[in-house]
Amino acid sequence: MRALVQTVGRAGVTVDGEVVGSIDDGLLVLLGVTHSDTEQVAQTMARKLHELRILDEDRSAVDTGAPFLVVSQFTLYGDARRGRRPSWTAAAPAEVAEPLVDAVVTALRARGATVETGRFRTHMLVESVNVGPRTLLLDL
């Protein structure tokens, strides 16, 4: 599982002209799932995200109550080492990925986090205003 985490002043996801998720002053998480990921990996990712000290003064969402916007992003497993057309074979199929993305969201909420999401299997417009900017890749 991979997560690209960005500190944002605001971020939102729009599907077919409708805002389906938005946050202010929080963390945008683009989340990719690979074939070997499990429920246990999802739990570990949620803990890492919640406790990640990427906010001001080395604080985490646990410390500040910062909200999350979690958006599924299979392209984090794109491989463009050969040629110009990326391969997506390392990305888990939607049937595998969707429940694991949901598991991360559920685990974050169980930890007390406020979590907004995108909408799986749709064409999403993701907007963000990065703060810092601070961006980190977590690879489990």
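This report concerns the structure included in the present document. (Residues numbered from 1 in each chain as written. Predicted model: local features only at pLDDT ≥ 70, side-chain atom pairs only at ≥ 80, totals over all residues. Heavy atoms only, no water.)

Let's talk about the sheet that holds strand S2 (residues 18-32)
Argument step 1. Sheet architecture is open: 5 strands sit in the order S4-S3-S2-S1-S5, paired in mixed fashion. Each edge of the open sheet carries a strand with a single partner, namely strand S4 (115-117) and strand S5 (125-139). In this sheet, adjacent strand axes meet at a mean angle of 35 degrees when their direction is disregarded.
Argument step 2. Pairing of strand S3 (residues 68-72) with S4 involves 3 bridges; the strand directions are parallel. Bridged to Val70 within S4 is Thr117.
Argument step 3. In the packing of helix H1 (residues 39-51) onto the sheet, the strands contacted are strand S1 (2-15), S2, S3 and S5, and the crossing angle to S1 comes to about 85 degrees. (Pairing = 2+ DSSP bridges. Helix = DSSP H or I, 4+ residues; strand = E, 2+ residues; numbered from the N terminus. Axes fitted to C-alpha atoms, helices over the stretch in contact; angles between N-to-C directions. Contact = heavy atoms within 4.5 Å.)

Topic: H1
Argument step 1. With 13 residues, H1 should reach 18 Å at 1.5 Å per residue; the first-to-last C-alpha distance of 19 Å fits that figure.
Argument step 2. For H1, every residue scored as buried is listed here: Ala42, Met45, Ala46, Leu49 and His50. Projected down its long axis, H1 shows its buried positions confined to an angular sector of 125 degrees, all on one face. (Expected span 1.5 Å × (residues − 1). Buried < 20%, exposed > 50% of the residue type's maximum accessible area, 1.4 Å probe, protein only. Arc of directions from axis to C-beta.)

Topic: the packing of aromatic side chains
Argument step 1. One pass over the full model with this rule turns up 1 aromatic pair.
Argument step 2. With centroids separated by 5.4 Å and ring planes inclined at 75 degrees, the aromatic side chains of Phe74 and Trp88 adopt a geometry described as edge-to-face. With a gap of 14 residues between them, Phe74 in the loop between S3 and helix H3 (94-110) and Trp88 in the loop between S3 and H3 connect regions that are remote in the sequence.
Argument step 3. What makes Trp88 partly exposed here is its relative accessible area of 37%. (Phe/Tyr/Trp six-rings, centres within 6.5 Å; stacked < 30°, edge-to-face > 60°.)

Topic: the side chain of Asp37
Argument step 1. Relative to the elements of secondary structure, Asp37 occurs in the loop between S2 and H1.
Argument step 2. No salt bridge forms around the buried Asp37; measuring N to O, its nearest opposite-charge neighbour Arg2 is 8.5 Å away.
Argument step 3. Of note is the side chain of Asp37, whose polar atom sits 2.8 Å from the backbone nitrogen of Met1. (Lys, Arg positive; Asp, Glu negative; His and termini not counted. Salt bridge = Lys/Arg side-chain N within 4 Å of Asp/Glu carboxyl O. Polar contact = N/O pair within 3.5 Å; in protein donor to acceptor, adjacent residues only side chain to side chain.)

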